[in-house]
Amino acid sequence: MIARVWHGATDAGKADEYVDYLNETGMSDYRATKGNRGAHILRKIEGDTAHFYTLTFWDSFDSIKEFAGEDYERAKYYPQDEKFLLEFEPTVRHFEVFG
């Protein structure tokens, strides 16, 4: 199994609205992709900034490519992300899952 981790940050005042937006976009797309074994949102507010991580689990890199495209290490963004995100990190991280 492969874990995929994406990070983004918003203004803390938009944190709750961004959770809703994530659930409507990325999280629903993750969960609808064959080979996805789970998708979670992690949030930590530090001062004026809310950090978000999406943690998803996948059967294989091929299943990740079904969601992200052939260049699966590039972060996938949605049109309204500009309304929320403070910056656009270009890549995500992948980890093998044991246990």
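In what follows, the accompanying structure is described.

Criteria and cut-off values
- Every chain's residues receive numbers from 1 upward, in the order its sequence appears when written.
- Only residues with pLDDT of 70 or above have their local features reported here, since the model is predicted, and side-chain atom pairs are shown and tallied only from 80 upward, although totals for entire chains, interfaces and linings are computed over all residues.
- To get the side-chain values, all heavy atoms of the structure are used, and hydrogens and water are removed first.
- In this text, helices come from DSSP runs of H or I with a minimum length of four residues, and strands from runs of E with a minimum of two, each type numbered from the N-terminal end.
- For this analysis, a polar contact is any N or O atom pair within 3.5 Å, provided that within protein one partner can donate a hydrogen and the other can accept it, and provided that sequence-adjacent residues contribute only side-chain to side-chain pairs.
- Contacts were defined at the residue level, with two residues in contact if any of their heavy atoms lie within 4.5 Å.
- Only protein chains enter the accessibility calculation, which uses a 1.4 Å probe; a residue whose area is less than 20% of its type maximum is buried, one above 50% is exposed, and one in between is partly exposed.
- This arc is built from the directions going out from the helix axis to the C-beta atoms.

### Some points on the side chain of H7
Here comes step 1: Counting through the fold element by element, H7 comes out in strand β1 (residues 2–11).
Here comes step 2: Of the polar contacts made by the side chain of H7, one reaches the side chain of E89; its length is 2.5 Å.
Here comes step 3: Other than its neighbours up to four places away in sequence, H7 contacts H51, F52, Y53 and E89.

### Things to note about helix α2 (residues 61–68)
Here comes step 1: Along α2, the positions that sit buried rather than exposed are S63, I64 and F67. In a view along the axis of α2, the buried residues occupy a sector of 100 degrees, so they form one face of it. Residues of α2 that are exposed and point over 90 degrees away from its buried face: D62 and E66.
Here comes step 2: Those residues of α2 that are buried are in contact with β1, α1 (15–32), β3 (49–58) and β4 (93–96).
Here comes step 3: N-capping of α2 is provided by S60, with a side-chain oxygen placed 3.3 Å from the backbone N of D62.
Here comes step 4: Phi for G69, located one or two positions after α2, is positive at around 100 degrees.

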